[in-house]
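So you can see what is in the structure, the chains are spelled out below.
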Amino acid sequence: DDCASRLSASGARTMAASVRVVARLLVSQSFGDEVFGFMNAHAGRFATPDAAKRRAKAETFEHPLEYTSLHAEFCDRFERRVEEAVETAGSSVQELYNYLSGSDKEVEHKLDEAAPSQLVQTLLTIFEYETFVEVMRDPERRAYLEQIVRNWRRTLDSYGA
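Cut-offs and rules
- Residues numbered from 1 in each chain as written.
- Predicted model: local features only at pLDDT ≥ 70, side-chain atom pairs only at ≥ 80, totals over all residues.
- Heavy atoms only, no water.
- pLDDT = per-residue confidence, 0-100.
- Contact = heavy atoms within 4.5 Å.
- Phe/Tyr/Trp six-rings, centres within 6.5 Å; stacked < 30°, edge-to-face > 60°.
- Helix = DSSP H or I, 4+ residues; strand = E, 2+ residues; numbered from the N terminus.
- Buried < 20%, exposed > 50% of the residue type's maximum accessible area, 1.4 Å probe, protein only.
- Axes fitted to C-alpha atoms, helices over the stretch in contact; angles between N-to-C directions.
- Parallel < 35°, antiparallel > 145°, perpendicular 65-115°, else oblique.
- Nonpolar A, V, L, I, M, F, W, Y, C, P; charged D, E, K, R; others polar.

A. Spatial organisation of the confidence of the model for the protein. Across the protein, pLDDT averages 81, with 83% of residues at or above 70. Note that residues 1-10 has pLDDT below 50 and, in this model, three contacts with residues that lie over four places away or in other chains. Segment residues 107-111: pLDDT under 50, and 10 contacts once partners within four positions in sequence are set aside and those in other chains are kept.

Structure (structure tokens):
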């Protein structure tokens, strides 16, 4: 039993390190420049002059097929970078998602990693189709997301995480 708890603690430390690596990637200047560069380059395809439509939830309107292909391109381009970061840190993407969701039953080991875990969970939602469409349609949401990234970059820099 002592061996099992040591292995569990070791796994939690590995996942905590993976979360920090992914958090650093997601808020890095270069990654942010690429992500927001992609978004800004393609935002015109999602534009609508009606402010209410810009802020509408994705499930409330019909989407042009082009949205799906741009989302796929976005995911192909940026999810691969996240996967590489996780694997470089010695984990798998599935282990990361399990860790973040708490389904690996090691929530108590996450308490000291709450901020990076919340950051990673929040920023990974951009890979969900509905969130992607909502952010692409609304320049205010994009600006807000960009501000969150900048604030988290400063926070992580100040804590040396």
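B. Main features of the packing of aromatic side chains. Across all of its chains, the model carries eight aromatic pairs by this definition. Ring geometry for F38 against F78: centres 6.1 Å apart, planes inclined by 85 degrees, an arrangement best described as edge-to-face. With F38 in helix α2 (residues 29-42) and F78 in helix α4 (residues 65-88), this residue pair connects regions lying 40 residues apart in the sequence. Using a relative accessible area of 3% as the deciding quantity, one classes F38 as buried. For F78, a relative accessible area of 0% gives the class buried. Where F74 meets F78, the ring centres are 5.0 Å apart and the plane angle is 55 degrees; that geometry is what we call tilted. Here F74 and its partner F78 are both found in helix α4, four residues apart, which amounts to about one turn of the helix. One exposure class covers both F74 and F78, and it is buried.

C. Summary view of the packing of α4 against helix α8 (residues 129-137). Where α4 meets α8, the closest approach of the two axes is 10 Å, and the angle between their N-to-C directions is 105 degrees. Looking at the two axes, α4 sits roughly perpendicular to α8. Of the residues in α8, those in contact with Y67, T68, L70, H71 and F74 of α4 are Y129, F132, V133 and R137. Split by residue class, the contact of α4 with α8 holds six nonpolar, two polar and one charged.

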